[in-house]
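# What the coordinates show
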Amino acid sequence: MRREEMADLTAFVVVVEERSFTKAAAKLGLSQSALSQIVRRLEARLGLRLLTRTTRSVAPTEAGDRLVQTLAPALENLDASVAALSALRDKPAGTIRITSVEHASDTILAPALARFLPDYPDIRVEITNDYGLTDIVTERYDAGVRLGEQVDKDMIGVRIGPDFRMALVGAPSYFTRQKRPRTPHDLTAHACINLRLPTTGGLWTWPFAKDGHELKVRVDGPLVFNTVTLILGMAVAGLGLAYVAEDLVQAHVADGRLVRVLDDWSPPVPGYHLYYPSRRQPAPAFALLVDALRYRGA
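Structure report, in brief. (Residues numbered from 1 in each chain as written. Predicted model: local features only at pLDDT ≥ 70, side-chain atom pairs only at ≥ 80, totals over all residues. Heavy atoms only, no water.)

This paragraph deals with the pattern of salt bridges. When the charged atoms of two side chains lie near each other, side chains of opposite charge can form a pair. All told, the structure shown has 12 salt bridges when counted by the stated rule. Measuring nitrogen to oxygen at the nearest pair gives 3.3 Å for the salt bridge that ties Lys27 to Glu18. Between Asp255 and Arg257 there is a salt bridge, with the nearest N and O atoms lying 3.0 Å from each other. Connected via shared salt-bridge partners are Arg165, Glu246, Arg260 and Asp263. (Salt bridge = Lys/Arg side-chain N within 4 Å of Asp/Glu carboxyl O.)

A cluster of like negative charges, contributed by Asp135, Glu139, Asp152 and Asp154, occupies part of the molecular surface. On the basis of relative accessible area, Glu139 is assigned to the partly exposed category, the value being 31%. (Patch = residues over 30% accessible without salt bridge, like charges linked within 9 Å, V, L, I, M, F, W, Y side chains within 5 Å. Areas by Shrake-Rupley, 256 points an atom, 1.4 Å probe, with all protein chains shown as cover. Lys, Arg positive; Asp, Glu negative; His and termini not counted. Charge placed at Lys NZ, Arg CZ, Asp CG, Glu CD. Buried < 20%, exposed > 50% of the residue type's maximum accessible area, 1.4 Å probe, protein only.)

Let's shift gears to helix α3 (residues 32-46). Spanning 15 residues, α3 covers 21 Å between terminal C-alpha atoms, matching the ideal 21 Å at 1.5 Å per step. Residues of α3 that are buried include every one of Leu35, Ser36, Ile38, Val39, Leu42 and Glu43, and no others. Here the buried residues of α3 occupy an arc of 155° about the axis, which is enough to place them on one side. Seen from the buried face of α3, the exposed residues on the opposite side, beyond 90 degrees, are Ser33 and Ala44. (Helix = DSSP H or I, 4+ residues; strand = E, 2+ residues; numbered from the N terminus. Expected span 1.5 Å × (residues − 1). Arc of directions from axis to C-beta.)

Among the five residues in strand β15 (residues 272-276), five count as buried, and that is most of the element. Of the two faces of β15, the one holding Tyr272, Leu274 and Tyr276 and the one holding His273 and Tyr275 are both buried throughout. With four bridges connecting them, strand β5 (residues 143-147) and β15 associate as antiparallel partners. The residue bridging Arg146 from the neighbouring strand is His273, located in β15. Of the pairings in the sheet, the one linking strand β6 (residues 156-159) to β15 comprises four bridges and is antiparallel in character. Bridge pairing links Val158 to Leu274 in β15. (Pairing = 2+ DSSP bridges.)

The strand order across the open sheet built from five strands is β4-β3-β5-β15-β6, with neighbouring strands paired in mixed fashion. Each edge of the open sheet is held by one strand with a lone partner, namely β4 (123-129) and β6. Each strand of the sheet is rotated relative to its neighbour by a mean of 25°, with strand direction disregarded. Packing against the sheet, helix α5 (residues 102-116) makes contact with β3 (94-100), β4, β5 and β15, and its axis sits at approximately 170° to β4. (Axes fitted to C-alpha atoms, helices over the stretch in contact; angles between N-to-C directions. Contact = heavy atoms within 4.5 Å.)

Tracing the chain through its elements places Ser266 in the loop between β13 (259-261) and β14 (268-269). A polar atom in the side chain of Ser266 sits 3.3 Å from the backbone oxygen of Leu262. Those residues in contact with Ser266, other than ones at most four positions away along the chain, are Arg165, Met166, Ala167, Leu168, Ala209, Tyr243 and Arg260. (Polar contact = N/O pair within 3.5 Å; in protein donor to acceptor, adjacent residues only side chain to side chain.)

We now examine the side chain of Thr205. Mapped onto the secondary structure, Thr205 falls in the loop between β8 (194-195) and β9 (206-210). If we ignore the near neighbours within four places in the chain, the residues touching Thr205 are Lys216, Val217 and Arg218.

Structure follows, in structure tokens:
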């Protein structure tokens, strides 16, 4: 295969992954017109229509989808092989892409990177916060960060943080208008601030547990967000109840800005894990980062 053909195929995969010529062009460092020309050239060479374009979206045709399914694993292996060559350098190098959630990024990844990266100036790390259960192979991430219970069994999982508890909180001003809930069932009468899950499009179901009894509650309220930062901010403003990681609210509770309720119903949550596919030749940069993130206990 000629170099130009390989470049065209790679560009096509990026367009499908991004579902946008604009985003793909920015990622590839090309103009939109140049990228459109590349895709048209590839379609002409194959004699097949690979993409369906509308004014708002780009999606692969059946032929395009089959091509991506074939190309993605090959490109993943090629990336891993190229990255492994950095072992021949004096210093590890390369870009590591991780999908995470903001709580893990703020409390675990960011502090670890602050310690790790100064010693390895040739390593780049890209973190995308997303509450969806991202397919890291299809989306070409090197690794993902999720709670231990969410890691697929066919992935290698490395614990990077301790177990923690959730906390249900509301502002004092909120509780001047509403009685404090005594059981999770009472939450159906409260304004709860919801988290949207992009994978299913649904809302996160709040888990509770007490004396071996587990309960999941579908709550309702006037506000729905896809970031914990907004959820917490609206709770402090007195607009509803928030159910978030305990460490995020400790300072607010101590200062009286938030009041904790149903403390005895808040269960421990399995800690965050870094997960990634099994690799025969993990890149040296990736192996170093995994070791830096590994949780070794308190």
